[in-house]
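Observations on the three-dimensional arrangement
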Amino acid sequence: MKKYDTVVIGAGNAGLMAATRLQREGKKTLLLERHNIPGGCATSFVRGDFEFEVALHQLSGVGTEQEPFIMRTIFKELGVLDKIELVQDESLYRVIIPGYLDETLPADWEELKSHLTKLYPEEKNSIEAFLNMSETLIQEYY
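These lines cover the structure that appears in this document, whether it is placed above or below. Bear in mind the structure is a predicted one, so any value in this text is a computation, not a measurement. (Residues numbered from 1 in each chain as written. Predicted model: local features only at pLDDT ≥ 70, side-chain atom pairs only at ≥ 80, totals over all residues. Heavy atoms only, no water.)

In this section: the environment of His35. Mapped onto the elements of the fold, His35 is located in the loop between β2 (29-32) and β3 (44-47). Residue class for His35 comes out partly exposed when judged on its relative accessible area of 47%. Between the C-alpha atom of His35 and that of Leu16, which follows or precedes it by 19 residues, the distance is 14 Å. A polar atom in the side chain of His35 sits 3.1 Å from the side chain of Asn36. (Helix = DSSP H or I, 4+ residues; strand = E, 2+ residues; numbered from the N terminus. Buried < 20%, exposed > 50% of the residue type's maximum accessible area, 1.4 Å probe, protein only. Polar contact = N/O pair within 3.5 Å; in protein donor to acceptor, adjacent residues only side chain to side chain.)

Structure representation (structure tokens):
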């Protein structure tokens, strides 16, 4: 029987990062995943004409090369930053309710605020308050 320093159960985002960090630190690591593909919330599936993301819609905290946030720093520490392509999303979500609504929400805070206010002008104050609170919370988190 093989001996490992660490066994990581689950090859989702956290498991992949933990196993990578442990291996880079020289630990003999076994990574176990019961699904047929790794990635957890970073995977997707297709039904008909649509591809659905399981849960990860956008990776926040990456920042830019000029203004890196925590995730870019972690990717660099793990030695994978040069092995991945980071793409700046222009849209945040697309909501489709057939026959009623088909809206694509922009990823930029100010553009999102403007877009939602145009859709729901009577909710302008609530939209601004919610998005300001959300942005503050995210900044405090990082």
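Turning next to the pairing of strand β1 (residues 6-9). When β1 meets β2, the two strands line up parallel, connected through four bridges. Note that in β2 the partner of Val7 across the bridge is Leu30. The β-α-β motif built from β1, the intervening helix α1 (residues 13-24) and the parallel element β2 has right-handed crossover chirality. (Pairing = 2+ DSSP bridges. Right-handed = clockwise from strand over helix to strand, strands pointing away.)

On to the pattern of salt bridges. Enumeration over the complete set of coordinates arrives at five salt bridges. Taking the shortest distance from any N to any O, the salt bridge between Arg21 and Glu77 comes out at 2.8 Å. You can see Arg21 sitting in helix α1 and its partner Glu77 sitting in helix α2 (residues 70-77), a full 56 residues away along the chain. Assessed through its relative accessible area of 35%, Arg21 is described here as partly exposed. Since its relative accessible area comes to 48%, Glu77 is described here as partly exposed. (Salt bridge = Lys/Arg side-chain N within 4 Å of Asp/Glu carboxyl O.)

A cluster of acidic residues, Glu51, Glu53, Asp89, Glu90, Asp108 and Glu111, forms a negative patch at the surface. Mapped onto the secondary structure, Glu51 falls in strand β4 (residues 50-53). (Patch = residues over 30% accessible without salt bridge, like charges linked within 9 Å, V, L, I, M, F, W, Y side chains within 5 Å. Areas by Shrake-Rupley, 256 points an atom, 1.4 Å probe, with all protein chains shown as cover. Lys, Arg positive; Asp, Glu negative; His and termini not counted. Charge placed at Lys NZ, Arg CZ, Asp CG, Glu CD.)

The next subject is helix α4 (residues 124-141). Across its 18 residues, α4 extends 26 Å between first and last C-alpha, which sits within 8% of the 26 Å expected from 1.5 Å per residue. Within α4, burial applies to Ile127, Leu131 and Ser134. Viewed along the axis of α4, the buried residues span an arc of 60 degrees, placing them on a single side of the element. Pointing more than 90 degrees away from the buried face of α4 are the exposed residues Asn125, Leu137 and Glu140. As for α4, its buried residues are in contact with α3 (109-119). (Expected span 1.5 Å × (residues − 1). Arc of directions from axis to C-beta. Contact = heavy atoms within 4.5 Å.)

Moving on, we come to the packing of α3 against α4. Two elements in contact, α3 and α4, have axes separated by 9 Å at closest approach and are oriented at 160 degrees. With respect to their mutual orientation, α3 and α4 come out roughly antiparallel. Viewed along their axes, α3 and α4 form a crossing whose handedness is right-handed. Contacts between α3 and α4 involve Trp109, Leu112, Lys113, Leu116 and Thr117 on the former and, on the latter, Lys124, Ile127, Glu128, Leu131, Asn132, Ser134, Glu135 and Ile138. In terms of residue class, the contact of α3 with α4 is made up of six nonpolar, three polar and four charged. (Axes fitted to C-alpha atoms, helices over the stretch in contact; angles between N-to-C directions. Parallel < 35°, antiparallel > 145°, perpendicular 65-115°, else oblique. Left-handed = near helix turned anticlockwise from the far one by under 90°. Nonpolar A, V, L, I, M, F, W, Y, C, P; charged D, E, K, R; others polar.)

In short, the description is geometric, and any link to function would need to be established separately.
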